[in-house]
Amino acid sequence: MFRYKRIAIKVGSNVLTRSDGTLNVTRMSALVDQIAELHRNGVAVILISSGAVASGRSEIKIGKKLDAVSTRQLYSSVGQAKLIYRYYELFREHNIPCGQVLTMKENFGTRRHYLNQKNCMEVMLDNGVIPVVNENDTVSVSELMFTDNDELSGLIAAMMSMDALVILSNVDGIYDGDPASPESRVFREIVDSKQDISAYIQTGKSHFGRGGMLTKFNIAQKVADEGIAVIIANGTRNNILTDVLSDDSSTVCTRFRPSAKPVSNVKKWIAHSEGFAKGEVTVNAGAREALFQPRATSILPVGVTHISGDFEKDDIIKILDETGKQIGLGCVAYSSDEARERIGKRSNKPLVHYDYLYLM
């Protein structure tokens, strides 16, 4: 009945909350009913759910003025408990256990922490438990936060090697103009991951969420390029999950066609690790050309012209061409001090081996 067997579903704050910030339990219940149907049909589901801060906002009246971080921490501490309790009760009606996974951006910064999270969620799925994932806003600080849960959902989909990622918003997909205009139409399919339609996208953000449609588009392109189908759809529509995940193509949404080229799990981790880069390596024109040939090529010191930053072995670094344009990310094989000693020299040991190199 459903073409995908492993699905990550991201639900935005504006789908789960009413205009006053209270949880829309009726809509939550309808979404849980659909996820339960997927579960009964053998589909493994991970739910990335916003709504904690908005939920807490409706419960607490702040007596004195707080800064933005303290306010978010306060709201999320109360709202997260309320949100997961609702999910627990709703899934229990279907005899399906769910479990809470709270994470932070820095937990994706090292391979060890990354694999620890992956193992946790694999164990949950193997035992029929639906992971409900959210950022731990109670301890996250601004400079180490995800852009929003769209970014988190992309990381989860890649980490767990899901077949598809469904991003539920309060609009039908990506429009070629203002979604409020009757003349605007939804892009039904994005075939080429390099297709740039960002000029069409409205840059405003939702009332309760931190991100916007441009963030969704950028995340969707990257995830599709890693071989995972992405669907952006309207979570306020009835039966939206079962409709977009069945073979019925009449449902209005934006689909990103996945790349047919396989991407290793290590490269998926590196692809989403730009925020953890400790340095930059500039390569010459010849090295750049070699990297984008069909034949697999590593980055050798002989092709490096400049190194900036201080990094250790196994840190993430950015790869730049001579114009300063970023062309990739990599897990470096030795420290910045060793790398500087070998700039321009012929060496059999790559600075970044192809297996640990992600090209954009």
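Above this text is the structure in question.
These figures come from a predicted structure and were not determined experimentally. (Residues numbered from 1 in each chain as written. Predicted model: local features only at pLDDT ≥ 70, side-chain atom pairs only at ≥ 80, totals over all residues. Heavy atoms only, no water.)

**Student:** Just to check I follow, could you spell out helix α4 (residues 68-92) for this structure?
**Tutor:** Every α-helical turn comprises 3.6 residues, leaving residues that sit three or four positions apart pointing alike. For α4, built from 25 residues, the straight-helix expectation of 36 Å at 1.5 Å per residue is met to within 8% by its first-to-last C-alpha distance of 35 Å. When the local axis directions of α4 are compared, the greatest deviation, roughly 30°, occurs at G79. Among the residues of α4, those classed as buried are T71, R72, Y75, S76, G79, Q80, L83, I84, Y87, L90 and F91. A side-chain oxygen of the first residue of α4 lies 2.8 Å from the backbone nitrogen of S70; this N-cap is D67. (Helix = DSSP H or I, 4+ residues; strand = E, 2+ residues; numbered from the N terminus. Expected span 1.5 Å × (residues − 1). Bend = angle between axes of the 7 residues up to and from the residue. Buried < 20%, exposed > 50% of the residue type's maximum accessible area, 1.4 Å probe, protein only. Polar contact = N/O pair within 3.5 Å; in protein donor to acceptor, adjacent residues only side chain to side chain.)

**Student:** How should I be thinking about the side chain of D315 in this particular structure?
**Tutor:** Within the secondary structure, D315 is located in the loop between β10 (304-309) and β11 (316-320). In this structure, D315 is buried with no salt-bridge partner, the nearest side chain bearing the opposite charge being K278 at 4.0 Å. The residues contacting D315, other than those within four sequence positions of it, are K278, G330, C331 and V332. (Lys, Arg positive; Asp, Glu negative; His and termini not counted. Salt bridge = Lys/Arg side-chain N within 4 Å of Asp/Glu carboxyl O. Contact = heavy atoms within 4.5 Å.)

**Student:** Is there a simple way to explain helix α5 (residues 111-126) in this structure?
**Tutor:** With 16 residues, α5 extends 22 Å between its outermost C-alpha atoms, agreeing within 8% with the 22 Å of an ideal straight helix rising 1.5 Å per residue. Listed in full, the buried residues belonging to α5 are Y114, Q117, K118, M121, E122, M124 and L125. Viewed along the axis of α5, the buried residues span an arc of 160°, placing them on a single side of the element. Pointing more than 90 degrees away from the buried face of α5 are the exposed residues R112, N116 and D126. On the buried face of α5, the contacting elements are β1 (6-11), β2 (44-49), β3 (98-103), β4 (130-135), α6 (149-159) and α9 (265-271). Following α5 by one or two positions, G128 has its phi on the positive side, about 75°. (Arc of directions from axis to C-beta.)

**Student:** Quick question: what am I supposed to make of the pattern of salt bridges here?
**Tutor:** For the coordinates displayed, the defined rule picks out 12 salt bridges. For E151, the salt bridge is made with K105, and the minimal N-O distance between the two is 3.3 Å. Remark: K105 occurs in the loop between β3 and α5 and E151 occurs in helix α6; sequence separation between them is 46 residues. One continuous salt-bridge network, built from bridges that share partners, spans R6, K118 and E122.

**Student:** Sorry if this is basic, but what is going on with the packing of aromatic side chains here?
**Tutor:** For any two aromatic rings, the description comes down to two numbers: the centre-to-centre distance and the angle of the planes. Within the structure shown, the criterion is met by four aromatic pairs. With a centroid separation of 6.0 Å and an interplanar angle of 50°, the aromatic rings of F217 and F256 are classed as tilted. A residue pair is termed long-range when its members are at least 10 positions apart, and F217 in helix α7 (residues 213-225) and F256 in strand β8 (residues 254-256) qualify at 39 residues. You'll find F217 and F256 in the same group, each marked buried. Grouped by ring-pair contacts, the aromatic residues F108, Y114 and W269 constitute a single cluster. Against the face of Y354 rests K267, its NZ or CZ located 3.9 Å from the ring centre. Positioned above the aromatic ring of Y334, the side-chain terminus of R342 is 4.3 Å from the ring centre. (Phe/Tyr/Trp six-rings, centres within 6.5 Å; stacked < 30°, edge-to-face > 60°. Lys NZ or Arg CZ within 6 Å of the ring centre and 35° of its normal.)

**Student:** Can you help me understand the side chain of S169 in this one?
**Tutor:** Position of S169 among the secondary structure elements: in strand β5 (residues 164-169). Its relative accessible area of 10% is what places S169 among the buried residues. Within polar-contact distance, the side chain of S169 engages the side chain of N170 at 3.3 Å. In this structure, S169 is in contact with V15, M213, K216, A233, N234, G235 and T236, ignoring residues within four places of it in sequence.

No statement about biological role is implied by the geometric values presented.
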